[in-house]
Amino acid sequence: MSGKPNIVFIFSDQHRGDSMGCVGHPVIQTPNLDALAGEGAAFTRCSTNSPLCMPARATMMTGQHVCQHGIWNNELEADCMGPSHVRNIRDAGYHTALIGKTHLWIHGNRPGGVRHTRDHQDILENWGFEFVHELTGPLASIGNDSYYTDYLADKGLLDGYRKYMTDYRKEWAQGTAKPWEEPAWPFAAEDHLDAYTGSTAADWIQNYEGDKPFYLQVLFPGPHDPFDSPQEYRDLYRPEDMPAGIMDWPEEPVPSFAKMVLRWSGLKDMTPEQKQILRTFYYGKMTLIDEYMGKITQALKDKELMDNTWIVYTSDHGEMLGDHRMSHKIVFYEGALRVPCIFRPPGGVEGWQSEALTDQIDITASLIELAQAVPLEVRDSRSLIPQILAGPNGPEAQKGKEVVFSEVLGFSMVYDGRYKYTVSSNSQRPVQLFDLEADPDELKNLVNDESLEPVRRDLLIPHLKRLRAGMDEVKFSKYKTEEAQYRRSGRAPGWAL
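So, here's what we can say about the structure. What you are looking at is a predicted structure, and each value in this text was computed from that prediction instead of being measured.

Criteria and cut-off values
- Residues numbered from 1 in each chain as written.
- Predicted model: local features only at pLDDT ≥ 70, side-chain atom pairs only at ≥ 80, totals over all residues.
- Heavy atoms only, no water.
- Helix = DSSP H or I, 4+ residues; strand = E, 2+ residues; numbered from the N terminus.
- Rg over C-alpha atoms; globule rule 2.2 N^0.38 Å.
- Buried < 20%, exposed > 50% of the residue type's maximum accessible area, 1.4 Å probe, protein only.
- Contact = heavy atoms within 4.5 Å.
- Areas by Shrake-Rupley, 256 points an atom, 1.4 Å probe, with all protein chains shown as cover.
- Lys, Arg positive; Asp, Glu negative; His and termini not counted.
- Charge placed at Lys NZ, Arg CZ, Asp CG, Glu CD.
- Salt bridge = Lys/Arg side-chain N within 4 Å of Asp/Glu carboxyl O.
- Pairing = 2+ DSSP bridges.
- Core = buried A, V, L, I, M, F, W, Y, C linked by side-chain atoms within 4.5 Å.
- Axes fitted to C-alpha atoms, helices over the stretch in contact; angles between N-to-C directions.
- Parallel < 35°, antiparallel > 145°, perpendicular 65-115°, else oblique.
- Nonpolar A, V, L, I, M, F, W, Y, C, P; charged D, E, K, R; others polar.
- Phe/Tyr/Trp six-rings, centres within 6.5 Å; stacked < 30°, edge-to-face > 60°.
- Polar contact = N/O pair within 3.5 Å; in protein donor to acceptor, adjacent residues only side chain to side chain.
- Disulfide = S-S within 2.5 Å.

A tally of regular secondary structure across the protein chain gives 16 helices and 17 strands. Here the C-alpha radius of gyration of the protein chain, 21 Å, is about what a compact globule of 497 residues would show, namely 23 Å. Principal-axis analysis of the C-alpha atoms gives the protein chain an extent of 65 × 50 × 45 Å. Within the protein chain, buried positions represent 63% of all 497 residues. Contacts spanning at least 24 positions in sequence make up 76% of the contacts within the protein chain whose residues lie at least 6 apart. By element, 49% of the accessible surface of the protein chain is carried by carbon and sulfur atoms, the whole surface being about 18,200 Å². Across the protein chain, the 51 positively charged side chains and the 71 negatively charged ones have centroids separated by 5 Å.

Here it is, written out as structure tokens:
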């Protein structure tokens, strides 16, 4: 095997950045994530470049902003022949592998009935993966088969599983869902989708005998809803111990994308006690994932690879978890925007934290540097590796980007660590402005506050104009055309998958 390190890139779906013990959460139990952070660097102010699955994942693959790659929603597919950090890492001499949910193609119910993820393997191979064991998310598995549904079918569990998921989806579609009443996972914990993902990844590591260093993506489908945690994991938490979070309804003016999330969530009448219960379900699912992350690291230990492997952990976006009466994502509030970001170097270091502003584009640039691969031709990215290796006393330890961007559904946000400003991506019409120093819960939308005009003019607008200048106009026009057709069709929104 070459002198290059192995790279294990683990990311989950919809993991809030504050929901780990290592960053100070008072209740959640994530001992294995905490152990990784205890031997690495945790970036506590890492933002997603899109608070929605497919746009965020396209950014992590390409290193491009949403306005460049053009995947503004979950109804569009990124170009698998375009820029790809995985392909560049493969070409740098790595064996590239994935296990889990990529969500790089549309996971809705397809014409012609159920299809298997292996039918899309060529897409993942074009992205640069050589070994593909692709799964879908729990809801998409209603209408798509995968290696996981094969596993359930072999155990006689598939019909019961699909009924459980269909019942959940039906309640949300009808607007009658009460997430604090969601039934627990109905089978053994070892048969859960996230358990299957983690155990499959651990087995892959145990069985790898190639002569190349490996780049392995482990893509947990959870803790994305439904919060179908097994009862024994829910029982680890008491609702009365849960921080209730932000109960306030968003203050006017509320932009259209936030109103959509409010309607979809249906949490207007939710009580603090009900919110505390639903949080036990989410945290239980996170603890399940954490347990199987421990099995992955144990497999590396058993193979004596911990001294030659970088482990990186993040998520595609967060989860509102009832804050501001919202569930899911597609908003630029901290619950949906902030994601975990942990880098554990080979052999480990004394764990430390950085408050530097960073984002997923930086994570992609870091993976490229670790593999000594050809950099992607992108802007705004910076590798975190020199910062990590210099340690907590390095001159750049707490120095991050001047601003980070996030985009979804034709809206763009810029955040400089204090002010968070959101505009319509094309017209640049302002819709939200928060001062997180004075208002950390983002309760007061200051978009019409004239006293902040100097902040907008001198600090935020120039960055957004620079972002706008890089927009692919053809792809944006395609998005707007397809969005109009989608709205006329009356189909259920794909962003919940």
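Turning our eyes to something else, we now look at helix 2 (residues 53–62). The element helix 2 is largely enclosed, with a buried count of 10 among its 10 residues. Among all positions of helix 2, only Cys-53, Met-54, Pro-55, Ala-56, Arg-57, Ala-58, Thr-59, Met-60, Met-61 and Thr-62 are buried. In the segment just after helix 2, Gly-63 is the residue with positive phi, at about 75°.

This structure, assessed with the given rule, holds 34 salt bridges. The closest approach of N and O atoms between Arg-57 and Asp-316, which form a salt bridge, is 3.1 Å. Remark: Asp-316 occurs in the loop between strand 9 (309–315) and helix 12 (334–337) and Arg-57 occurs in helix 2; sequence separation between them is 259 residues. Here Lys-480 and Glu-483 are joined by a salt bridge, their closest N and O atoms 3.2 Å apart. One end of the pair is Lys-480 and the other is Glu-483, both in helix 16 (residues 473–489) and three residues apart, which spans about a single turn. Since its relative accessible area comes to 12%, Glu-483 is described here as buried. Here the residues in one salt-bridge network are Arg-16, Asp-18, Lys-275, Arg-279 and Asp-323, joined through shared partners.

Here the focus is the sheet that holds strand 13 (residues 358–359). Ordered in space as 10-3-13, the three strands form an open sheet in which the pairing is mixed. Whereas interior strands pair on both sides, the edge strands pair on one side only; in this sheet they are strand 10 (338–339) and strand 13. The pairing of strand 3 (residues 46–47) with strand 10 spans two bridges and is classified as antiparallel. Residue pairing for strand 10: Cys-46 is matched across the bridge by Val-339.

Core analysis: the biggest nonpolar cluster contains 90 residues, and Leu-124, Trp-127, Val-331 and Phe-343 have the highest contact counts within it. Examining the composition of this core, we find that five residues originate from one element, helix 10 (residues 256–265), more than from any other. Counting residues in each nonpolar core, the second largest holds 49 residues, with Ile-205, Val-218, Tyr-237 and Met-270 among its members.

Looking now at the packing of helix 8 (residues 193–207) against helix 11 (residues 272–302). It is at 8 Å that the axes of helix 8 and helix 11 come closest, and there the two elements cross at 5°. The orientation of helix 8 relative to helix 11 falls into the category roughly parallel. Where helix 8 approaches helix 11, its residues Asp-194, Ala-195, Gly-198, Ser-199, Ala-201, Ala-202, Ile-205 and Gln-206 are matched on the opposing element by Lys-285, Leu-288, Ile-289, Tyr-292, Lys-295, Ile-296, Ala-299, Leu-300 and Asp-302. Among the residues forming the contact of helix 8 with helix 11, the class breakdown is 10 nonpolar, three polar and four charged.

A word on the environment of Thr-271. With respect to the helices and strands, the residue Thr-271 is situated in the loop between helix 10 and helix 11. For Thr-271, a relative accessible area of 30% corresponds to the partly exposed category.

Once that is clear, we can look at the packing of aromatic side chains. Applying the stated criterion across every chain yields a total of 24 aromatic pairs. Ring plane angle 75° and centroid distance 5.1 Å describe the contact between Phe-227 and Tyr-282, whose orientation is recorded as edge-to-face. Of this pair, Phe-227 sits in the loop between strand 8 (214–223) and helix 9 (231–234) while Tyr-282 sits in helix 11, and the two are 55 residues apart along the sequence. Here Phe-227 matches Tyr-282 in class, with each residue buried.

Ordered by their spatial adjacency, eight strands build an open sheet running 6-4-8-1-9-11-2-12, and the pairing between neighbours is mixed. Because the sheet does not close on itself, it has two edges, and the strands there are strand 6 (131–135) and strand 12 (352–354). Strand-to-strand twist across the sheet, computed as the mean angle between neighbouring axes with direction ignored, equals 15°. With six bridges joining them, strand 1 (residues 6–13) and strand 8 adopt parallel strand pairing. Along strand 8, the bridge assignment pairs Val-8 with Leu-216. Sheet strands in contact with helix 8 are strand 4 (95–101), strand 6 and strand 8, and its direction is about 165° off that of strand 8.

Our focus in this paragraph is helix 13 (residues 360–370). For helix 13, a buried count of 10 out of 11 residues is recorded, marking the element as mostly surrounded by other parts of the structure. Those residues of helix 13 lying buried are Gln-360, Ile-361, Asp-362, Ile-363, Thr-364, Ala-365, Ser-366, Leu-367, Ile-368 and Leu-370. Sitting at the amino-terminal end of helix 13 is Asp-359, which places a side-chain oxygen 3.4 Å from the backbone nitrogen of Ile-361. Of the residues flanking the end of helix 13, it is Gln-372, one or two places downstream, whose phi is positive at about 55°.

We now examine unusual backbone geometry. A cis amide bond links Gly-222 with the next residue in sequence, Pro-223, at an omega value of 5°. Within the fold, Pro-223 resides in strand 8. One non-glycine residue, Leu-321, lies in positive phi territory at about 55°. Tracing the backbone through its elements, the reader meets Leu-321 in the loop between strand 9 and helix 12.

Taken as a whole, this structure holds zero disulfides when the rule is applied. No disulfide involves Cys-53; its nearest neighbouring cysteine sulfur is the one of Cys-46, lying 16 Å away. Residue class for Cys-53 comes out buried when judged on its relative accessible area of 0%. No disulfide involves Cys-67; its sulfur sits 18 Å from the nearest other cysteine sulfur, which is in Cys-46.

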